[in-house]
There are 2 protein chains.
Amino acid sequence: MKISELSERTGVSLPTLKMYLREGLLPQGVKSGPNQASYDDAHVQRVRLVHGLLRVGGLSIAAARDVVSAIDSGGPLVHTFGVAQEAASTPVDRERTSDLALTTVDRLTQGWDFHADGPGRHLAANAIAAFESAGQHDAARWYERYVEAALLIAQADLDLVDSRDGREAKAETVVLGTVLGDTLLAGLRRAAQEHIANTRYPMTARNST
Amino acid sequence: MKISELSERTGVSLPTLKMYLREGLLPQGVKSGPNQASYDDAHVQRVRLVHGLLRVGGLSIAAARDVVSAIDSGGPLVHTFGVAQEAASTPVDRERTSDLALTTVDRLTQGWDFHADGPGRHLAANAIAAFESAGQHDAARWYERYVEAALLIAQADLDLVDSRDGREAKAETVVLGTVLGDTLLAGLRRAAQEHIANTRYPMTARNST
């Protein structure tokens, strides 16, 4: 198909598609004339993926490029996970993470098999450090319940990946699930907070809280 | 105490403290001289709170101001939750949320008691819309398990708030838990993903995946 049809089928504008091509987010089409190239269903799929990463995932172009290369590299899925995790995390200055908070995270995740310099451990430690330095103490049980929930979520993530056929489909699910799963969870958590707050403090009581 | 001591006790620099005062994030001290004001423990606590919201929570100054006003307003906790949720969410263009994805969210959260225009419902719908438009289908069970996890997390959040004494302490926990809980969960989820991936695909098998 021509690039105009690629635009129609994906709902992504021509200038945006040209930017994807220029930035290496979308492979070039097959040359079909002096000033024309032809695109196929794999391009449609890739445009949808890139659009999801940039628009809702909020990834930078550079981060999306890393993610797309990780899919195309054909490397092990564990590596694709690592790249997706890094791309979908606010940059963490690992040198400045509080040692005390890292110790807390290590105690909470005792027996887990993961790299000490991955983004997860440092993100969690930074959240705990900020929480405690803002004067929030006695939250050990809260942390533990987050750990339990994180395990359930990660199991769901891996089950979804396992249900996909073929390495490329699995890699795409790794990437999109990692990037969009945070937003899905943040949204559902907010709705659930409101639901439970409304259940625990029904209107009459709520007005006097 | 003088502002220099407030800076020492909180580890926040003088220029930053002056910015907090100027931006209305920190109440003015009691005038103790022509060019001097006196601060107390409540200021120390507030500086730590604001610092956590801005530095790790990544809130804008305007969003942090909304959150601080919600704490100080003495209004119902359910309202404080709402303000914290809004402040800690990437802005959502509610007009542009996909109706189909909203229907999916409503089916997943059937029987829950929350406002249709709160940030949670729209955040979740946007994640689902991006996921599905990127070609990810057959994820119904994945969504359901996220809903179950979100309920567990929200219960932990509310239990932590309930454990605090007094309205202001509760309101601070609402705010910090909402803002930093997303980051804590994102971090733990990444570590758990890696742990479970390493467990399911041990090194020998992993190399050939």
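Per chain, residues are indexed from 1 in the order of the written sequence. For this description, chains carry letters from A and ligands carry numbers from 1, given in the order in which they are written. Per-residue local features are limited, in this predicted model, to residues with pLDDT of at least 70; the limit for side-chain atom pairs, both in listing and counting, is 80 or more; totals at the level of whole chains, interfaces and linings are taken over all residues. Side-chain metrics rest on all non-hydrogen atoms present in the structure, leaving aside hydrogens and water.

Caption draft 1: Representation of the relation of the copies chain A and chain B within the structure. The transform that puts chain A on chain B rotates by 180° and translates by 0.0 Å along the axis, for an RMSD of 0.0 Å. As the rotation angle and translation indicate, the two copies are arranged about a two-fold axis. For chain A, the smallest separation between a C-alpha atom and the rotation axis is recorded for Ala 149 of chain A, amounting to 2.7 Å. Should any heavy atoms of two residues lie within 4.5 Å, those residues are counted as being in contact. Comparing interface residues between copies, 100% of those in chain A also lie at the interface in chain B; the contact surface is shared. In this comparison the copies share one frame, found by least squares on the C-alpha atoms of residues holding pLDDT of at least 70 in both.

Caption draft 2: Broad picture of the interface of chain A and chain B. Counting from both sides, the interface comprises 83 residues of chain A and, opposite them, 83 residues of chain B. Of the roughly 8100 Å² buried between chain A and chain B, counting both surfaces, carbon and sulfur atoms make up 64%. Once two parts are brought into contact, the accessible area they lose, counted with a 1.4 Å probe and summed over both, makes up the buried area. Counting the surface chain A buries against chain B, the share from its top three residues, Leu 184, Arg 189 and Arg 190 of chain A, is 9%. The term salt bridge refers to a side-chain nitrogen of Lys or Arg lying within 4 Å of a carboxyl oxygen of Asp or Glu. If you look at where chain A meets chain B, you find 12 salt bridges. Note that Asp 159 of chain A and Arg 200 of chain B form a salt bridge whose closest N and O atoms lie 2.7 Å from each other. Only runs of H or I of at least four residues qualify as helices and only runs of E of at least two qualify as strands under DSSP, and these elements are numbered from the N terminus. Secondary-structure elements contributing two or more residues to the side of chain A that touches chain B are helix 3 (41–55), helix 5 (77–87), helix 7 (119–133), helix 8 (140–162) and helix 9 (167–200) of chain A. Top contributing element to the side of chain A that touches chain B by residue count: helix 9 of chain A, with 25 residues.

Caption draft 3: Highlighting the confidence of the model for chain A. Residues and elements named next belong to chain A. In the predicted model, chain A carries a mean pLDDT of 89, and the fraction of residues at 70 or more is 97%. Looking at any residue, its pLDDT shows the predictor's confidence there, from 0 to 100. Within chain A, helix 10 (residues 203–208) has the poorest average pLDDT of any element, 49, and helix 8 the best, 97. Predicted complex metrics record ipTM = 0.87 and pTM = 0.87.

Caption draft 4: Helix 9 of chain A, seen in detail. Residue and element names in this part refer to chain A. In this model, helix 9 (34 residues) spans 46 Å end to end at C-alpha, consistent with the 50 Å of a helix rising 1.5 Å per residue. Two axes enter the definition of the bend at a residue: one is fitted to the seven residues ending there, the other to the seven starting there, and the bend is the angle between them. Of all the bends in helix 9, the greatest measures close to 35° and is centred on Leu 180. Per-residue accessibility, obtained with a 1.4 Å probe over protein chains only, is compared with the maximum for each type, and a residue is labelled buried under 20%, exposed over 50%, and partly exposed between these values. Buried residues dominate helix 9, accounting for 29 of its 34 residues. Working rule for helices: expected span equals 1.5 Å times residues minus one.

Caption draft 5: Spotlight on unusual backbone geometry. Residue and element names in this part refer to chain A. The phi dihedral of Asp 138 is positive, around 55°, even though this residue is not glycine. Along the chain, Asp 138 falls in the loop between helix 7 and helix 8. Among the residues examined, Asp 138 registers a relative accessible area of 72% and is labelled exposed.

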